[in-house]
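What follows is the residue order along each chain.
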Amino acid sequence: MAKKECITQLSTTGATSTLRNRKTFPTSVKVPRAPKGPSGLLMLVVVLSFSTRLYKITEPPHVCWDETHFGKMGSYYINRTFFFDVHPPLGKMLIGLAGYVTGYDGTFPFMKPGDKYEHHDYWGMRGFCAVLGSFLPIFAYLIVRELSQSHTAALITATLLIFDTGCITISQYILLDPILLFFIMAAVLSMVKFDQQRYRPFSWYWWLWLLLTGASLAGALGVKFVGLFVILLVGLHTVWDLWELLGDLSLSLVDIAKHFLARVAGLILLPLFLYVTTFAIHFAVLNKSGPGDGFFSSAFQSRLVGNNLYNASMPEYLAYGSTITVKNLRIAGGYLHSHWHLYPEGVGARQQQVTAYLHKDYNNLWLVQRKDDNDSRSGTPDLVRHGDVIRLEHKETTRNLHGHLHAAPLTKKHFQVTGYGVNGTGDTNDLWQVEVCGGQKGDPVKVLRSKVRFLHRATGCVLYSSGKTLPKWGWEQVEVTCSPYLKETPSSQWNIEDHINPKLPNISLSVLKPHFLEILLESHIVMIRGNSGLKPKDNEMNSKPWHWPINYQGLRFSGVNDTEYRVYLLGNPVVWWVNLAGLGLYPIMVAVASVALQRGFSLGQKRRGMDVEGGGLLLLGWLLHYAPFYSMGRVLYYHHYFPAMLFSSMLTGITFDVLLKSTDLLLRPPYSDWLQRLGQVALLLSVLYSFYLFHPLSYGMTGPLAHEPGSAMAGLKWMDSWEF
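Please read all numbers here as calculations on a predicted model, not as lab measurements. (Residues numbered from 1 in each chain as written. Predicted model: local features only at pLDDT ≥ 70, side-chain atom pairs only at ≥ 80, totals over all residues. Heavy atoms only, no water.)

Student: Account for the overall build of the chain, with residues named and values stated.
Tutor: Across its full length, the chain carries 17 helices and 16 strands. In terms of overall dimensions, the chain has C-alpha extents of about 105 × 90 × 50 Å along its principal axes. Within the chain, buried positions represent 54% of all 724 residues. Considering only contacts in the chain between residues 6 or more positions apart, those separated by 24 or more positions represent 75%. Summing over all exposed atoms, the chain offers an accessible surface of approximately 32,400 Å²; the carbon and sulfur share of this is 62%. Separation between the mean location of the 64 positive side-chain charges and that of the 51 negative ones in the chain comes to 8 Å. (Helix = DSSP H or I, 4+ residues; strand = E, 2+ residues; numbered from the N terminus. Buried < 20%, exposed > 50% of the residue type's maximum accessible area, 1.4 Å probe, protein only. Contact = heavy atoms within 4.5 Å. Areas by Shrake-Rupley, 256 points an atom, 1.4 Å probe, with all protein chains shown as cover. Lys, Arg positive; Asp, Glu negative; His and termini not counted. Charge placed at Lys NZ, Arg CZ, Asp CG, Glu CD.)

This is the structure in structure tokens:
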């Protein structure tokens, strides 16, 4: 008996030892691959995708919609002129590069939609965006083929995207969207391909797809912050992947650590390095002063060639009689500014407006005066020191910076700040006490370096930039108030930027140039705050997230009346409504399949694509790229849905493929096969016919509007909210 127990123990020990020491992935394991299928099928997708996107790429030959922004920014890169935008720089850099290599010289002004391009070579920038947009159906085909192992599902997906008028339109113009969508789809395809290499860990192809996934993530985030959503998708998938590896008892802890570190390197460190490198190139190229200077700090501006602070010299300490500009330390807080316009009736006292303005302007200049005279004495002027009481006289209008107990225009718990008096003569409400943050009484005010607050003597409040944008009467500049809350914050802190006083000696400002990490951090803070503060422009359509999946409302790209060349961004109605049906059908089909499996039914190949790694991954991608918009406070537009639309189209391909293959549950062969083919043909013809009807929206139309007699689009305004 003891001998038998000993043999059993040895056998168990040997089995455990064998399990722990066996090869991780035996060479006999057959790696699953996507079905090869006819090579001509992928080639057909490629040809149709490129032909539909590149067709009439130069039409219309004028600026359309946001080309006025992104074409102009491409020109800024060619001219090396610094600008500000709420998005990271990669997309605009690529647009500028595409224009440069195709002969565009960066001289077209891109002033407004409708401006004729004339002799300027704009086709290269449009063509670049169209080429990237042409890859979207191709990537979608490959992704769905890998996930579902079905060429039919992949072909359905490719058909939906190739013949979607919305995807065509958004790919044909100088926009960030096709570049963003390209990197999102490239990231998903690389992730899926990497997942297919799970049985060949650390092989050449395994590393290739891992690094391509990381590079694509960096590209997506480098174009728009929306790229964070695909990063989250890949991150969640990676966590699930690592969790499964942790449960594989054939792997040692050392093996798991290698897998973890490889993913950290490929999916965190590499994207971070590439993303930061993008900004390094951005800052190196845009080294000339431009329209974006005023959004950034004085120290940031000192590195820009042509800026008045670049290699500049000025008096080191503030003095009476100086002409100065005063910049708020809040990011994008602006310069203290005034102009001849008055506050309107019902908004405090009807006196001269005082605002914060984000750009360099003559109306930003102020004279530093003593509280009781204009300091017309000769000789070296006295310095302004901590605790001094001064007046700030607006140079252009000669009115004093003034505060009183009237409520501020927008921040009602603060007091209004105005311009008051004539030729520097006012009253006691014009007096402000200078406070150097962290200073002591008698300390001088250092130009650029001192953080200064201005305390109103009469009311005890502090000069403050609220960051809120004034209405049209305030020229959409930033509200300036006098805050009764005296806590030191960047909004109540200012620095002296420009300083002119011929009676004082100058010093060089070159020592103030910030290092790379400082300007990287500052640029991100400015972008994030600028993004959240976006508001709709005049006559520009904005929409709500619930509008998007139902194709409720499009967006005008070009033209309004019947004499103009009109382009209207609107999805192919059949495609978008089939996608909507797919989103509803998929959870139902998963539930039915789960019940069937639980009851012991065999689903065979129909189970493929309905699991977590197939349709579940795509449904998660749709949710991550759609649901967050419900919580966003910024203005939203129809084109924000297109990343989610790509995921819903891929999910539709899998869903309808499984649904049509399920006809064998109702009919016996060959009738089930006939019904399946009939469904596929009906879906294809519906998409093609809808594309035939609505293709003028993408490729342009002239003549009567849809509701007018004789229109080419007569009878096609299926929803009253469509405006073509």
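Student: Now, about the layout of surface pockets: what can you tell me, with residues and values included?
Tutor: Over the atoms rolls a probe the size of a water molecule, and in doing so it shows where empty space is left. The space that makes up the second largest pocket amounts to roughly 550 Å³. Along the walls of the second largest pocket sit 26 residues, with Ser-297, Ser-298, Ala-299, Leu-329 and Glu-522 positioned nearest its centre. Tallying contributions element by element places helix 13 (residues 516–532) first for the lining of the second largest pocket, with six residues. Each residue belonging to the lining of the second largest pocket can be placed in one class, and the counts come to 15 nonpolar, five polar and six charged. (1 Å grid on protein atoms, 1.4 Å probe; cavity = no way out; pocket = protein on both sides within 12 Å on 5 of 7 lines; lining within 4 Å. Points joined across faces, edges and corners; volume = space filled by probe spheres on them. Nonpolar A, V, L, I, M, F, W, Y, C, P; charged D, E, K, R; others polar.)

Student: Describe in detail the packing of aromatic side chains, supporting the description with residues and values.
Tutor: Summed over all chains, the structure comprises 50 aromatic pairs. Where Phe-108 meets Tyr-117, the ring centres are 5.0 Å apart and the plane angle is 45°; that geometry is what we call tilted. Each member of the pair, Phe-108 together with Tyr-117, is buried. The interplanar angle of 75° and the centroid separation of 5.5 Å between the aromatic rings of Trp-576 and Phe-642 together place this pair among those described as edge-to-face. Placement of the pair is Trp-576 in helix 14 (residues 573–598) and Phe-642 in helix 16 (residues 642–661), with a sequence separation of 66 residues. Take Phe-642: its relative accessible area is 1%, and that puts it in the buried class. Chaining the aromatic ring pairs together yields one cluster made of Phe-229, Trp-548, Trp-576, Trp-622, Tyr-626, Phe-629, Tyr-630, Tyr-638, Tyr-641 and Phe-642. The side chain of Lys-327 reaches across the aromatic face of Tyr-335, ending 5.5 Å from its centre. A cation sits over an aromatic face here: Arg-370 above Tyr-320, 4.4 Å from the ring centre. (Phe/Tyr/Trp six-rings, centres within 6.5 Å; stacked < 30°, edge-to-face > 60°. Lys NZ or Arg CZ within 6 Å of the ring centre and 35° of its normal.)

Student: Explain the packing of helix 9 (residues 204–223) against helix 10 (residues 227–246) residue by residue, including any values.
Tutor: Across the interface, helix 9 lies against helix 10 with an axial gap of 7 Å and an inter-helix angle of 155°. Classified by the angle between their axes, helix 9 and helix 10 sit roughly antiparallel to one another. Seen from above, helix 9 lies across helix 10 with left-handed handedness. In this structure, helix 9 contributes Thr-213, Leu-217, Ala-220 and Leu-221 to the contact, and helix 10 contributes Gly-227, Leu-228, Val-230, Ile-231 and Val-234. Its residues assigned to classes, the contact of helix 9 with helix 10 comprises seven nonpolar, two polar and no charged. (Axes fitted to C-alpha atoms, helices over the stretch in contact; angles between N-to-C directions. Parallel < 35°, antiparallel > 145°, perpendicular 65-115°, else oblique. Left-handed = near helix turned anticlockwise from the far one by under 90°.)

Student: Help me get a handle on the nonpolar core, residues and values and all.
Tutor: Soluble globular proteins: nonpolar side chains tend toward being buried together. Counting residues in hydrophobic clusters, the biggest one holds 140 residues, and the most contacted among them are Tyr-641 and Phe-724. Residue contacts for Phe-724: discarding those within four places in its chain leaves Tyr-568, Leu-570, Phe-694, Leu-697, Met-701, Leu-705, Ala-706, Met-713, Leu-716 and Lys-717. Membership of the second largest hydrophobic core comes to 34 residues, among which are Trp-366, Val-368, Val-417 and Phe-454. (Core = buried A, V, L, I, M, F, W, Y, C linked by side-chain atoms within 4.5 Å.)

Student: If you had to explain the pattern of salt bridges to someone new, which residues and values would you point to?
Tutor: Tallying each qualifying case throughout the model produces 14 salt bridges. In this structure, Glu-316 and Arg-449 form a salt bridge, with 2.7 Å as the shortest nitrogen-oxygen distance. Taken as a pair, Glu-316 in the loop between strand 1 (313–315) and strand 2 (323–328) and Arg-449 in the loop between strand 9 (432–436) and strand 10 (452–456) lie far apart in primary sequence, 133 residues in all. Looking at Arg-449, the relative accessible area reads 42%, which means it is partly exposed. Here Glu-497 makes a salt bridge to Lys-360, at a shortest N to O gap of 2.5 Å. Taken together, the positions of Glu-497 in strand 13 (residues 494–500) and Lys-360 in the loop between strand 4 (352–357) and strand 5 (366–370) put the pair 137 residues apart, joining distant regions of the chain. (Salt bridge = Lys/Arg side-chain N within 4 Å of Asp/Glu carboxyl O.)

Student: Let's hear about the UniProt feature "domain: MIR" (unreviewed entry) in the chain: which residues, and what values?
Tutor: Per the UniProt record, "domain: MIR" (unreviewed entry) is annotated on residues 315–371, 381–437 and 442–499. Taken end to end, residues 442–499 is 0% helix and 43% strand, and its two terminal C-alpha atoms sit 20 Å from one another. (UniProt positions renumbered as here; feature names shortened; annotations may be inferred.)

Student: Please provide a residue-by-residue account of the UniProt feature "transmembrane region" (unreviewed entry) in the chain, values included.
Tutor: Per the UniProt record, the feature "transmembrane region" (unreviewed entry) sits at residues 123–144, 179–195, 207–240, 260–286, 574–597, 617–637, 644–662 and 674–694. Annotated as 100% helix and 0% strand, the span residues 123–144 places its first and last C-alpha atoms 32 Å apart. Overall, residues 574–597 shows 100% helix and 0% strand. The separation of its end C-alpha atoms is 33 Å.

Student: Outline the confidence of the model for the chain, listing residues and values.
Tutor: Per-residue pLDDT for the chain averages 87, and the proportion of residues at 70 or more is 90%. Of the regions scoring below 50 in pLDDT, residues 1–32 engages in 15 contacts with residues more than four places distant in sequence or in other chains. (pLDDT = per-residue confidence, 0-100.)

Student: Any details on empty space enclosed by the protein? Residues and values, ideally.
Tutor: All chains considered together, the criterion is met by five cavities of 30 Å³ or more. Roughly 100 Å³ of internal volume is contained in the largest cavity. Residues that form the lining of the largest cavity fall into these classes: eight nonpolar, three polar and two charged. Estimates place the volume of the second largest cavity at around 70 Å³. Looking at the second largest cavity, the residues that line it are Phe-194, Asp-195, Arg-198, Pro-201, Trp-206, Asp-241, Leu-245, His-259 and Arg-263. Listed by contribution, the elements that provide at least two residues to the lining of the second largest cavity are helix 8 (177–196), helix 10 and helix 11 (253–285). Grouping the amino acids of the lining of the second largest cavity by side-chain chemistry returns four nonpolar, one polar and four charged.

Student: So, the side chain of Ser-49: which residues are in play, and what are the values?
Tutor: In this structure, Ser-49 sits in helix 2 (residues 39–54). Of the residues examined, Ser-49 reaches a relative accessible area of 0% and is grouped as buried. In this view, Ser-49 contacts Ser-134, Pro-137, Ile-138 and Ile-162; residues no more than four positions away in its chain are not counted.

Student: Explain helix 17 (residues 671–699) to me, and be specific about the residues and the numbers.
Tutor: Between its terminal C-alpha atoms helix 17 stretches 41 Å, which fits the 42 Å expected from 29 residues at 1.5 Å a residue. A bend of about 50° at Leu-693 is the largest found in helix 17, and the proline Pro-696 appears one to four places after it. Of the residues trailing helix 17, Gly-700 is marked for its positive phi of about 100°. (Expected span 1.5 Å × (residues − 1). Bend = angle between axes of the 7 residues up to and from the residue.)

Student: Kindly report on the state of the cysteines, identifying the contributing residues and their values.
Tutor: Summed over the entire model, instances satisfying the criterion amount to one disulfide. Between the sulfur atoms of Cys-461 and its disulfide partner Cys-482 the distance amounts to 1.9 Å. Because the torsion about its S-S bond is 95°, the bridge between Cys-461 and Cys-482 counts as right-handed. Of this pair, Cys-461 sits in the loop between strand 10 and strand 11 (462–469) while Cys-482 sits in strand 12 (residues 478–483), placing them 21 residues apart in sequence. Left without a disulfide partner, Cys-437 is nearest to the cysteine sulfur of Cys-482, which lies 15 Å away. (Disulfide = S-S within 2.5 Å.)

Student: I'd like a description of unusual backbone geometry, backed by residues and values.
Tutor: For the peptide bond that leads from Glu-59 to Pro-60, omega is -10°, which places it in the cis range. Structurally, Pro-60 is set in the loop between helix 2 and helix 3 (67–79). Backbone torsion omega between Pro-669 and Pro-670 reads 0°, so that peptide bond is classified as cis. Mapped onto the secondary structure, Pro-670 falls in the loop between helix 16 and helix 17. Here Arg-80, not a glycine, exhibits a phi torsion of approximately 60°, which is positive. Here Arg-80 shows up in the loop between helix 3 and helix 4 (90–101). Overall, the relative accessible area of 36% leaves Arg-80 in the partly exposed class.

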